[in-house]
Amino acid sequence: MSKGLLNSMVLKNLFEDVDGAELLPSLIESGVITKEQVEEYYKANIKSQKAQKPTYSLIEDGVLVRFDDRDLVNGGYITPKGVVEIGEGAFAQCNTIFRVKLRRDVIRIKKGAFISCHNLESVQMTNSVRWIDDDAFNSCMSLTDLKLSSNLKEISLCTFANCTKLQQVELPEKLEVINDYAFSWCENLTTISTPPASLIYVSEEAFEQTPIGKDFMRLYHKQQEEQKQEKGNTK
C-alpha cells in the first residue's frame with residue numbers, strides 16, 4: 001500500500017469520527033501526516049461534500065428540532081457542530097436511521113427524542129451528555145450498541161423501555177437515580193454492571209419484565225443495607 005493511499009485512509013477515518021479531527025495536531029507534529037496533506041484532503045473531500053449536501057434537518061438556537069432523513073449517510077448520522085440539544089421527538093419513529101453519533105457539544109437528549117426508531121442499532125455519545133429525558137430511546141427495538149455518558153446522573157422514566165435487543169449496559173459511575181420502567185421489557189438484557197456507589201434511588205419498576213432485574217435489585221438493596229451499617233458504625 002502506498003504512503004499516499006495510507007494517509008488518505010487515515011484522514012478519512014479521522015474526519016468521519018465524532019472527535020477525530022482533534023487528533024490532527026498531534027499527528028502532524030509527530031510526522032504521521034503533513035499539514036499540506038490535511039488541507040489538500042479537506043479541499044478535495046470535506047469542503048466539496050458540504051457544498052453538495054445541505055442540512056435538511058431543522059436546527060434552531062442549538063437545538064435539533066426535527067430530523068430529516070435526507071441528512072443520512074449510509075444509514076448513519078453525526079450531529080452538526082453547535083447542536084447542544086436533541087429536541088423532543090426530533091427523530092421519533094424514524095426507521096431509516098441505523099447509527100447516530102453525538103458530538104461533544106450535545107449535553108441533553110430531550111423527551112422521546114429517538115422513540116420508536118425501530119432500526120436504530122448504535123448510539124455513540126460523549127461524556128458531555130448530562131441529561132437524557134423520559135422515553136428518549138423507548139422502543140428502539142434494534143438497539144444493541146450503547147455506551148452511556150460517564151456524567152449521567154439520572155436515567156429517566158421509560159428511557160430504554162422496550163429495547164428488546166439490548167443485551168448489556170454499563171452504568172455510569174456517577175449515576176444517582178434509575179426511574180420507573182427505565183429498562184423495562186428489555187427481554188434480552190442479561191448483563192448490567194453492579195450498582196455504582198453513588199446510586200441513591202432505584203424504582204422497584206425500573207426493570208419490569210427484564211431478566212436481570214431481580215438480581216440487580218437484590219444487589220442494590222444489599223448495597224444500601226451495607227452503606228447504612230457503615231454509617232451506623234461511624235456514629
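It should be emphasised that the depicted structure is a prediction, and the values quoted were computed from it without experimental measurement.

Draft legend 1. Looking closely at the sheet that holds strand S5 (residues 99–101). With parallel pairing, the 4 strands of this open sheet are ordered in space as S3-S5-S7-S9. Of all the strands in the sheet, just strand S3 (76–78) and strand S9 (145–147) have a single pairing partner and so form its edges. Each neighbouring strand pair of the sheet contributes to a mean axis angle of 10 degrees, computed without reference to strand direction. In this structure, S5 lies alongside strand S7 (residues 122–124), joined through 3 bridges in parallel fashion. Looking at S7, one finds that Val 100 is bridged to Val 123.

Draft legend 2. The packing of aromatic side chains, seen in detail. Taken as a whole, this structure holds 10 aromatic pairs when the rule is applied. With a centroid separation of 4.5 Å and 20 degrees between ring planes, the pair formed by Phe 67 and Phe 91 is classed as stacked. Of this pair, Phe 67 sits in the loop between strand S2 (63–66) and S3 while Phe 91 sits in the loop between strand S4 (85–86) and S5; the two residues are 24 residues apart in sequence, bridging distant segments of the chain. As far as burial versus exposure is concerned, Phe 67 and Phe 91 are alike and both buried.

Draft legend 3. Just the sheet that holds strand S12 (residues 177–178), in detail. On the basis of which strands lie adjacent, the open sheet formed by 3 strands has the order S10-S12-S14 and parallel pairing. A single partner strand is all that each edge strand has here, and the edge strands are strand S10 (154–155) and strand S14 (201–202).

Draft legend 4. Fine view of the pattern of salt bridges. Per the counting criterion, the structure on display carries 3 salt bridges. Between Asp 68 and Arg 70 there is a salt bridge, and its shortest N-O distance comes to 2.9 Å. A salt bridge links Asp 215 to Arg 218; its shortest N-O distance comes to 2.8 Å. Within this pair, Asp 215 and its partner Arg 218 are both found in helix H4 (residues 213–234), separated by 3 residues, close to a single helical turn. The exposure class assigned to Asp 215 is partly exposed, which follows from its relative accessible area of 39%.

Draft legend 5. Quick peek at the pairing of S2. The pairing of strand S1 (residues 58–60) with S2 spans 3 bridges and is classified as antiparallel. Across the sheet, Leu 58 pairs through a bridge with Arg 66, a residue of S2. Hairpin remark: S1 followed by S2, antiparallel, with 2 residues in the connecting loop; positive phi at Asp 61, about 50 degrees. Pairing geometry for S2 and S4, over 2 bridges, is parallel. Residue pairing across strands places Leu 64 opposite Ile 86, the latter belonging to S4.

Draft legend 6. How the structure looks around the environment of Glu 121. With respect to the helices and strands, Glu 121 occurs in the loop between strand S6 (108–109) and S7. Residue classification places Glu 121 among the partly exposed positions, given a relative accessible area of 36%. Between the C-alpha atom of Glu 121 and that of Asp 145, which follows or precedes it by 24 residues, the distance is 6.2 Å.

Draft legend 7. Looking closely at a nonpolar patch on the surface. A surface patch of nonpolar side chains, amounting to about 240 Å² of accessible area, comprises Val 84, Ile 107 and Trp 131. Along the chain, Val 84 turns up in the loop between S3 and S4. Under the relative-accessibility criterion, Val 84 is labelled partly exposed at 32%.

Draft legend 8. Seen up close, the nonpolar core. Ile 86, Phe 91, Ile 109, Phe 114, Phe 137, Ile 178 and Phe 183 are the most contacted members of the largest nonpolar core, which has 50 residues in total. Apart from residues no more than four positions distant in its own chain, Phe 183 is found in contact with Ile 155, Phe 160, Val 169, Leu 171, Ile 178, Leu 189, Ala 206, Phe 207 and Thr 210.

Draft legend 9. Structural detail: the state of the cysteines. Here the structure, examined in full by the defined rule, presents 0 disulfides. Cys 94 takes part in no disulfide bond, and the closest cysteine sulfur, belonging to Cys 117, lies 5.5 Å away. Assessed through its relative accessible area of 11%, Cys 94 is described here as buried. The closest cysteine sulfur to the non-disulfide-bonded Cys 163 is located on Cys 186, 5.2 Å from its own sulfur.

Conventions used here
- Residues numbered from 1 in each chain as written.
- Predicted model: local features only at pLDDT ≥ 70, side-chain atom pairs only at ≥ 80, totals over all residues.
- Heavy atoms only, no water.
- Pairing = 2+ DSSP bridges.
- Helix = DSSP H or I, 4+ residues; strand = E, 2+ residues; numbered from the N terminus.
- Axes fitted to C-alpha atoms, helices over the stretch in contact; angles between N-to-C directions.
- Phe/Tyr/Trp six-rings, centres within 6.5 Å; stacked < 30°, edge-to-face > 60°.
- Buried < 20%, exposed > 50% of the residue type's maximum accessible area, 1.4 Å probe, protein only.
- Salt bridge = Lys/Arg side-chain N within 4 Å of Asp/Glu carboxyl O.
- Patch = residues over 30% accessible without salt bridge, like charges linked within 9 Å, V, L, I, M, F, W, Y side chains within 5 Å.
- Areas by Shrake-Rupley, 256 points an atom, 1.4 Å probe, with all protein chains shown as cover.
- Core = buried A, V, L, I, M, F, W, Y, C linked by side-chain atoms within 4.5 Å.
- Contact = heavy atoms within 4.5 Å.
- Disulfide = S-S within 2.5 Å.

By themselves these figures say nothing about function.
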